[in-house]
Amino acid sequence: MKKYIQMVVVLFVISTLSGLIMGGVHLLTKDIIAENELKKSMEKMLEIFPEMENYTDITADVELTSGIERVYEVFGDKDKKEKIGYIVEMTTTGYQSGLKLIIGVKTDGTIRGLRSPSNNETPGFGKTKLENADYLAQFENLADPSTIDPKGGINAGATITTNAVLSALRNARNFVLGLQGLTDPIQEAAAAIFGYESYHDVTDQYSDFVNENRLGLYAVKNTNGNVLGYLFRLYAPKPYREPLETFIGIDLDGKIVGIAYGEFNETDGWGKKVQDPAFINEFIGRSSIDQIDMDKLDEILGITYENEDKTAGSTKSGPGKTKLAMVNAVAMVFDYFNEHLSDQKDLILGLFDGAERYEVRYLRGHQYILNIYEVYEEDENLLGYVYKTNAVKSFASPLEIFFALDQEGAVVDVAYGAFNETYGWGAKAKEERFINALIGAKSIDDIDTQTIEDEILAGATKTREGILETLDLVFKHFAEELFDYEEAIQTLFPAQASFARNKEFFSDEILKEVYEVFGENEAHLGYAFRVEAPNAFKGIEMFVGLDHEGKVIGLYFTVVEETPSSDGNWGGKLLETQEFIDLFINKSDPSDIDNIDYSTGATKTRDAVIEGVKYVLHFYKERLSK
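Please read these numbers as outputs of a predicted model, since none were measured by experiment.

Asker: Explain a negative patch on the surface to me, and be specific about the residues and the numbers.
Answerer: Side chains of Asp448, Glu453, Asp454 and Glu455 sit close together on the surface and give a patch of like negative charge. With respect to the helices, strands and loops of the structure, aspartate 448 is situated in the loop between helix H10 (432–438) and helix H11 (449–456). Of the residues examined, aspartate 448 reaches a relative accessible area of 46% and is grouped as partly exposed.

Next comes the structure, spelled out in structure tokens:
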């Protein structure tokens, strides 16, 4: 026993001395290590800014974001009076984590250059590129990182690394602009309209785009790199006061997503009314000028006319010229989209034999399921549905997939939109034998996944898993969500005999669908509204029922992603509480909903439901009560 005690004491003394020695070595060397790292940084800084005479470390004085770890002001003189830019040091993830970058940004936001002092990218690919002078040269004096194709030219073979570099450049550029109180107007417009800041300048890809009114065209992408739509930068033609710089967002189906403004000189109280949400909302969801209610625009802007000739020249009062300029700008967007950018119609219709037209059936926001289309024959018979999706994962994003399902939920066909999988590997997913392996399946269990893994897509693991996981989401959505609307409406209107979706309604960010509900002898009972509750904690889709007088008769929740009730008094429990739902019953004025103050820990959930119901009541008063 004594021997064991001595052994423990000896081991303790050895480990203690080792720790003290290592700690002492660290104390002695940490300053040397830091000095060496700073020396390396200075060498890279001088490569980027060879005219640098002095610098100031301002890291402690600014709020760091986007993986930025250190920031220096760079001066062209020793007295620090001539600031020429900034150096931003950051760590991000490329093909592997630990991609360290030193980025130089001039005071006007121009990228001066970049270096990578260390990284874990693949030798012969990303790592080699980051040491290649020609590769680095493409980032020198670069005004807009979005103009670089991450897959083309010298970037080929290192797409993931290059995408990470471009994202870092955008973040560094925007950080530096923010330090100086400046912003990127295109990025601001993309964020305001689409909710995403990432965009790619595609103006040069369309040689006929630029003219006296059309300034720029940008593809807006989500966090997976999938294109959501296009952002048009325009001068609205012939406004009251030039220029009227306008940003118009349009999705891939040709529908207006939103409108924002840049340089704007219209008159306060008159032309500036086109900035009001009510005016902008009249355009959202529309895909042609014919769908826009011009009389409603006049009402919102307070425009009156001398006579029946409702042109700008006959305006008696109100901002007629500003309205006409905006309508013409939107018409320009529709015309250009239909002529040059609308490339999905043939793809969607081609998935079904005899298909003549389709309708977009919007669903609640989803990271992977982007849209659902109802596809019809010429005689209005429903053929089935097309799910437009992003792959859950893939080898090289984006991987956009269109799954066609018949009315029973069986796969009819598969097609691809954006597709960057590797030739000879993931690209085999486009081959007929892979698509044939999916046709007829109603669930993943119906598919011979082993044969796909062993023979058809052998070696393309990420591509295979991404496509099958996405299809599994589609099957689940079809079974669990696509056809539960009848149950929702029957629950809200127990006495109803029939209901019909209002196909003249255009979906927007909150209100997705409107159904008219009828009883016996076609008596009009009221409306059922499918709503995406705004700003929920995680996600809520609900139906709001109004009777024929516009009073709330009930709420029915179809999709709830709030915290489950089993976790405490949170969102899931609130939406199961009849006492909370009863507070909305018989309310018909939006102001009455404001007074609901149900005490709960699920504040965001409560407020999301309140705002959703208020939106419906406003919509009813403005559109349906008349």
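Asker: How would you summarise a nonpolar patch on the surface if you had to cite specific residues and measurements?
Answerer: A cluster of nonpolar residues, Tyr95, Ile160 and Phe395, forms a patch on the protein surface that exposes about 270 Å² of accessible area. Residue placement: tyrosine 95 occurs in the loop between strand S3 (83–92) and strand S4 (99–106). Residue classification places tyrosine 95 among the partly exposed residues on the basis of a relative accessible area of 43%.

Asker: Describe the packing of aromatic side chains, with residues and values.
Answerer: The final tally for this structure, using the stated rule, is 19 aromatic pairs. Look at phenylalanine 232 and tyrosine 336: their rings are 6.3 Å apart centre to centre, the planes differ by 80°, and that puts the pair in the edge-to-face class. With phenylalanine 232 in strand S8 (residues 227–235) and tyrosine 336 in helix H8 (residues 320–341), this pair connects stretches of sequence that are 104 residues apart. Members of the aromatic cluster, joined through ring pairs, are Tyr485, Phe499, Tyr515 and Phe543. Just above the ring of tryptophan 425 sits the side chain of lysine 428; from NZ or CZ to the centre is 5.8 Å. Between the NZ or CZ atom of lysine 430 and the centre of the ring of phenylalanine 419, over which it lies, the distance is 4.5 Å.

Asker: Any chance you could break down the pattern of salt bridges for me, citing the residues and the numbers?
Answerer: In the structure shown here, the tally under the stated rule is 24 salt bridges. Close ionic contact of glutamate 431 with arginine 433 constitutes a salt bridge, the shortest N to O distance being 3.5 Å. What makes glutamate 431 partly exposed here is its relative accessible area of 36%.

Asker: Just give me the short version of unusual backbone geometry, but keep the residues and values in it.
Answerer: Glutamate 242 connects to proline 243 through a cis peptide bond whose omega is -10°. Looking at where proline 243 falls in the secondary structure, it is placed in the loop between S8 and strand S9 (244–251). A positive phi angle, close to 55°, is found at lysine 238, a residue other than glycine. Of note, lysine 238 is situated in the loop between S8 and S9.

Asker: Tell me what's going on with the sheet that holds strand S15 (residues 382–390), and back it up with residues and numbers.
Answerer: Strand order in the open sheet made by the 5 strands is S13-S14-S15-S16-S17, with antiparallel pairing throughout. Of all the strands in the sheet, just strand S13 (357–361) and strand S17 (411–419) have a single pairing partner and so form its edges. Each neighbouring strand pair of the sheet contributes to a mean axis angle of 25°, computed without reference to strand direction. As defined by bridge partners, S15 adjoins strand S16 (residues 399–406) across 7 bridges and the pair is classed as antiparallel. Its bridge partner lying in S16, glycine 384 is registered against aspartate 406.

Asker: Which residues make up the nonpolar core, and what values go with them?
Answerer: Within soluble globular proteins, side chains that are nonpolar tend to cluster in buried spots. Tyr230, Phe232, Tyr261 and Phe283 are the most contacted members of the largest nonpolar core, which has 37 residues in total. When contributions to this core are tallied by element, the ones reaching two or more residues are strand S7 (214–221), S8, S9, strand S10 (256–264), helix H6 (277–281), helix H7 (294–301) and H8. Ranked by residues supplied to this core, first place goes to H8 with 11 residues. The contact partners of tyrosine 261, leaving out residues within four places of it in the chain, are Leu244, Glu245, Thr246, Phe247, Val274, Gln275, Phe279, Ile280 and Met326.

Asker: Can you break down the confidence of the model for the protein chain residue by residue, with the values?
Answerer: Low-confidence regions, as indicated by low pLDDT, have predicted coordinates that should not be scrutinised in detail. Per-chain confidence: the protein chain averages 84 in pLDDT, with 89% of residues scoring 70 or above. Of all helices and strands in the protein chain, the one with the weakest mean pLDDT is helix H1 (residues 2–48) (60), whereas H10 scores best (94).

Asker: Just give me the short version of the side chain of glutamine 187, but keep the residues and values in it.
Answerer: Mapped onto the fold, glutamine 187 is located in helix H5 (residues 185–194). Looking at glutamine 187, its side chain comes within polar contact range of the side chain of asparagine 174, at 3.3 Å.

Asker: Explain the pairing of S4 to me, using residue names and the numbers behind them.
Answerer: Counting buried residues along S4, 6 of its 8 residues qualify, which places the element largely inside the surrounding structure. The pairing of S3 with S4 spans 8 bridges and is antiparallel. Residue pairing in the sheet places glycine 85 in a bridge with lysine 106 of S4. What sits between S3 and S4 in their antiparallel hairpin is a turn of 6 residues, with glycine 98 showing a positive phi close to 85°. Here S4 folds back onto strand S5 (residues 111–118) in antiparallel fashion, the turn holding 4 residues, of which glycine 109 has a positive phi close to 95°.

Asker: Please give an account of the environment of leucine 383 that cites residues and values.
Answerer: Summarising the element assignment, leucine 383 is placed in strand S15. With a relative accessible area of 18%, leucine 383 lands in the buried category. Measuring from C-alpha to C-alpha, the distance between leucine 383 and leucine 405 comes to 8.8 Å, with 22 residues separating the pair along the chain. Discounting residues that sit within four places of it in the chain, leucine 383 has contacts with Phe352, Asp353, Gly354, Ala355, Val375, Tyr376, Glu377, Asp406 and Gln407.

Asker: Residue-level account of helix H12 (residues 461–482), with values.
Answerer: Between the first and last C-alpha of H12 there are 30 Å, a value that for 22 residues agrees with the 32 Å anticipated at 1.5 Å per step. What H12 keeps buried is the set Thr463, Arg464, Gly466, Ile467, Leu468, Thr470, Leu471, Val474, Phe475, His477, Phe478 and Leu482.

Asker: Tell me what's going on with the sheet that holds strand S20 (residues 524–532), and back it up with residues and numbers.
Answerer: Spatial strand order, S18-S19-S20-S21-S22: 5 strands in an open sheet with antiparallel pairing. The open sheet has two edge strands, strand S18 (498–501) and strand S22 (552–560), and neither has a second partner. Ignoring strand direction, the axes of neighbouring strands in this sheet form an average angle of 20°. Bridging between strand S21 (residues 540–547) and S22 involves 7 bridges; their strand directions are antiparallel. Each bridged residue has a counterpart across the sheet, and for glycine 545 the counterpart in S22 is glycine 554. Lying over the sheet, helix H13 (residues 485–492) contacts S18, strand S19 (511–518), S20, S21 and S22, oriented at roughly 155° with respect to S22.

Cut-offs used in this document
- Residues numbered from 1 in each chain as written.
- Predicted model: local features only at pLDDT ≥ 70, side-chain atom pairs only at ≥ 80, totals over all residues.
- Heavy atoms only, no water.
- Patch = residues over 30% accessible without salt bridge, like charges linked within 9 Å, V, L, I, M, F, W, Y side chains within 5 Å.
- Areas by Shrake-Rupley, 256 points an atom, 1.4 Å probe, with all protein chains shown as cover.
- Salt bridge = Lys/Arg side-chain N within 4 Å of Asp/Glu carboxyl O.
- Lys, Arg positive; Asp, Glu negative; His and termini not counted.
- Charge placed at Lys NZ, Arg CZ, Asp CG, Glu CD.
- Helix = DSSP H or I, 4+ residues; strand = E, 2+ residues; numbered from the N terminus.
- Buried < 20%, exposed > 50% of the residue type's maximum accessible area, 1.4 Å probe, protein only.
- Phe/Tyr/Trp six-rings, centres within 6.5 Å; stacked < 30°, edge-to-face > 60°.
- Lys NZ or Arg CZ within 6 Å of the ring centre and 35° of its normal.
- Pairing = 2+ DSSP bridges.
- Axes fitted to C-alpha atoms, helices over the stretch in contact; angles between N-to-C directions.
- Core = buried A, V, L, I, M, F, W, Y, C linked by side-chain atoms within 4.5 Å.
- Contact = heavy atoms within 4.5 Å.
- pLDDT = per-residue confidence, 0-100.
- Polar contact = N/O pair within 3.5 Å; in protein donor to acceptor, adjacent residues only side chain to side chain.
- Expected span 1.5 Å × (residues − 1).

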